[in-house]
Amino acid sequence: MKKAVLRIAFASFAALLFVAGSAWAAGSNSSSNTISLDAKMINGEVYVKASAVTNALGGTGTYDAKSGKYAYTPANQIPDVVKKVSPSVVGIIGKVKGYDNRYALAHGTGFVWKADGQIVTNAHVVKDLTSIVVVTADGKQFNGKTLYIDETSDIAVVKVNATGMQPVTFAPIPLTIQAGEQVVAIGTPVSFSLRNTATSGILSGMNRSVSSYYKLLQTDAAINPGNSGGPLVNMKGQVIGINSMKFVSDDVDNLGFSIPVDTVQYVLSHFTKYGKVNRASLGVELEESWSAIVGLPTDEPLTITKVTSDAAKNAGIQNGDQLYAVAGTQVSSIVEVNELLKSYLPDQSIEITLLSDGDIVTKKIKLSAWTQK
């Protein structure tokens, strides 16, 4: 299987033909089957508030005082989720830099983050776009500009001149999700005329590392070119991730990936505070073990192949040292290190555990500012 990344969905027949043999970037949330509700025991009977039922399960209920009956109508789950989230989902289209052809357009998806017109999408959707146009679910069009962009996480924010837009609701973090939960993806697959297309599936897995700097969610909900930047939502209508990538081949089906909401929130908070992601680095380059590279379970350490910061050099870190733990947590992959460093800023100090000159040592080093390689 050829592996590649489709940066944006081109509005051309040639792009559709390319789907056949490559990997393209594409454009109930309880942790168990048990729901805990407040209740009271009265004369041996357990009573639960009707409002607690509708808050937990969705749906509606009405009480008839004359008959003393309470009529509960369950939520029509997927249609209700789509109805709730769709007003916050937008299509994004624009001209491709370097192309003069009027039909050289590319598109993706985004969703409203703030009511003042801030739209979250993938960095790969907008990085090569000019003359950006954002179209809402009700057909309103706005000129957009890229406000923030972080290619490392593949997250960007587009700003439009609008007020009173309907923001999405993010799922609480840390995420309490498990494989097998039902999810819905909403986006603009293949053609811009297919805006607000909804597909459903399950959460296939968590903590995936697929050509990514941070961990991803995996889903079998249909994600196609143009879905990039759209939301992956749970059955409460809460966003749990941004759809960003899929694998496509004649013998591969339903392998889509989303950036989890904890990474989304991390990036957006840095955009707001610093205007960029103020990412920290250990000041070294790392190499994973063979087992980690091929995906075998392993506790083998990472090998330091290059020391890049003065702070790491001053701490006595050398090429060939083996990294076992960061901040007291064992690490075996570069993505695990990146995830841990989300809690830190440059110039903060951190403890790392190494095998150096035959000895296991713990050293305290000052983190450096991460730079794009």
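Predicted model only: the values in this text are computed from it and were never measured.

Brief notes about the overall build of the chain
Item 1. Summing up its helical and strand segments, the chain has eight helices and 26 strands in all.
Item 2. Looking at the chain residue by residue over its 373 residues, the buried ones come to 46%.
Item 3. Put simply, the chain shows about 18800 Å² of open surface, and 50% of that area lies on carbon and sulfur atoms.

Remarks on the nonpolar core
Item 1. Counting 33 residues, the largest nonpolar core has Val120, Ile155, Phe170, Leu268 and Phe271 as the members making the most contacts within it.
Item 2. For this core, the secondary-structure elements that each account for two or more residues are α3 (77-85), β7 (105-114), β11 (155-160), β13 (182-187), β17 (238-249), β18 (252-260) and α5 (261-274).
Item 3. For this core, the element with the most residues is α5, which contributes six residues.
Item 4. Contacts of Val120, omitting those with residues within four sequence positions, involve Gly110, Phe111, Trp113, Ile155, Ala156, Val157, Gly229, Ile242 and Leu268.

Structural notes on the pairing of strand β22 (residues 322-326)
Item 1. Pairing of strand β21 (residues 302-307) with β22, which is carried by two bridges, proceeds in the antiparallel orientation. The residue of β22 that forms the bridge with Leu302 is Leu323.
Item 2. In terms of strand pairing, β22 meets strand β24 (residues 349-356) through four bridges, oriented antiparallel. Of the residues in β24, the one forming a bridge with Leu323 is Leu354.
Item 3. Bridge count between β22 and strand β23 (residues 329-330): two bridges; the pairing is antiparallel. Residue Val326 lies in a different strand from β23, and its bridge partner there is Thr329.
Item 4. Between β22 and β23, which pair antiparallel one after the other, the connecting turn spans two residues, and Ala327 there sits at a positive phi close to 55°.

Some words on the confidence of the model for the chain
Item 1. The share of residues in the chain with pLDDT of 70 or more is 88%, and the mean pLDDT across the chain is 87.
Item 2. Across the chain, the secondary-structure element scoring lowest on mean pLDDT is helix α1 (residues 13-17), at 31, and the one scoring highest is strand β8 (residues 118-121), at 98.
Item 3. In this model residues 1-24 is a low-confidence stretch, pLDDT under 50, and it forms 58 contacts with partners more than four residues away in sequence or in other chains.

Description of a nonpolar patch on the surface
Item 1. A cluster of nonpolar residues, Ile35, Leu37, Met41, Val46, Val48, Leu57, Tyr63, Tyr70 and Tyr72, forms a patch on the protein surface that exposes about 840 Å² of accessible area.
Item 2. Elements supplying a minimum of two residues to the nonpolar patch: β3 (45-48) and β5 (69-73).
Item 3. Checked against the element boundaries, Leu57 lands in helix α2 (residues 50-57).
Item 4. Relative accessible area serves as the criterion here: at 44%, Leu57 is assigned to the partly exposed category.

Some remarks on unusual backbone geometry
Item 1. Pro174 follows Ile173 through a cis peptide bond whose omega is 5°.
Item 2. Its identity is not glycine, yet Ser131 carries a phi of approximately 50°, on the positive side.
Item 3. Summarising the element assignment, Ser131 is placed in strand β9 (residues 129-135).
Item 4. Located in the positive-phi region is Asn207, a residue other than glycine, with phi close to 55°.

Brief notes about the side chain of Ser368
Item 1. With respect to the helices and strands, Ser368 occurs in strand β26 (residues 368-369).
Item 2. You can call Ser368 buried: its relative accessible area is 18%.
Item 3. The contacts of Ser368, once residues within four sequence positions are left out, are Arg279, Ala280, Ser281, Gly283, Ser309 and Pro346.

Considerations on the side chain of Gln118
Item 1. Inspection of the secondary structure assignment puts Gln118 in strand β8.
Item 2. With a relative accessible area of 9%, Gln118 lands in the buried category.
Item 3. If we ignore the near neighbours within four places in the chain, the residues touching Gln118 are Phe111, Val112, Trp113, Leu147, Tyr148, Val157, Val158 and Lys159.

Quick word on α5
Since the α-helix turns once every 3.6 residues, residues separated by three or four places project in the same direction.
Item 1. With 14 residues, α5 extends 19 Å from end C-alpha to end C-alpha; this agrees with the ideal 20 Å at 1.5 Å per step.
Item 2. Looking only at α5, the buried set comprises Val261, Thr263, Val264, Tyr266, Val267, Leu268, His270 and Phe271.
Item 3. In the segment just after α5, Gly275 is the residue with positive phi, at about 80°.

Here we look at the packing of aromatic side chains
Item 1. Using the criterion set out here, one finds five aromatic pairs in the structure.
Item 2. Where Tyr213 meets Tyr214, the ring centres are 4.9 Å apart and the plane angle is 85°; that geometry is what we call edge-to-face. Across the pair, exposure class does not vary: Tyr213 and Tyr214 are buried alike.
Item 3. Ring centres of Tyr213 and Trp370 lie 5.7 Å apart, and the angle between their planes is 75°; on these two criteria the pair is classed as edge-to-face. With a gap of 157 residues between them, Tyr213 in the loop between β14 (197-208) and β15 (216-219) and Trp370 in the segment after β26 connect regions that are remote in the sequence.
Item 4. Each member of the aromatic cluster is reached from another via a ring pair, and the members are Tyr213, Tyr214, Tyr266 and Trp370.
Item 5. For the cation-ring pair, Lys114 lies above Trp113, with the distance from its terminal atom to the ring centre recorded as 4.6 Å.
Item 6. Over the face of the ring belonging to Tyr214 we find Lys342, whose NZ or CZ atom lies 5.0 Å from the ring centre.

Rules and cut-offs
Every chain is numbered on its own, with residues counted from 1 as its sequence reads. Only residues with pLDDT of at least 70 get local features here, since the model is predicted, and only at 80 or more are side-chain atom pairs given and counted; chain-wide, interface and lining totals rely on the full set of residues. Hydrogens are left out, water is left out, and the side-chain values use all remaining heavy atoms of the structure. The secondary structure listing takes helices from DSSP runs of H or I that are at least 4 residues long and strands from runs of E that are at least 2 residues long, numbered from the N terminus. Throughout, exposure labels follow a simple rule: accessible area from a 1.4 Å probe, protein chains only, divided by the maximum for the residue type, with under 20% read as buried, over 50% as exposed, and the rest as partly exposed. Computed by Shrake-Rupley with a 1.4 Å probe, the accessible areas treat only the displayed protein chains as cover when residues are assessed. Think of a nonpolar core as a cluster: buried Ala, Val, Leu, Ile, Met, Phe, Trp, Tyr and Cys residues, connected wherever their side-chain atoms sit within 4.5 Å. We call two residues in contact whenever any of their non-hydrogen atoms come within 4.5 Å of each other. Whether two strands pair comes down to DSSP finding at least two bridges between them. Think of pLDDT as the predictor's per-residue confidence, scored from 0 to 100. Patches here are clusters of residues that have more than 30% relative accessible area and form no salt bridge, with a 9 Å joining cutoff for like charges and a 5 Å cutoff for nonpolar side chains (Val, Leu, Ile, Met, Phe, Trp, Tyr). Criterion for a salt bridge: a side-chain nitrogen of Lys or Arg within 4 Å of a carboxyl oxygen of Asp or Glu. Helices are assigned an expected span. That span is 1.5 Å times one less than the residue count. Note on aromatic pairs: the rings of Phe, Tyr and Trp (six-membered ring only in Trp) are paired at centre separations within 6.5 Å, and the planes decide the class, stacked below 30 degrees, edge-to-face beyond 60, tilted for the rest. When the NZ atom of lysine or the CZ atom of arginine is within 6 Å of a ring's centre and also within 35 degrees of its normal, the charge is said to sit over that ring.

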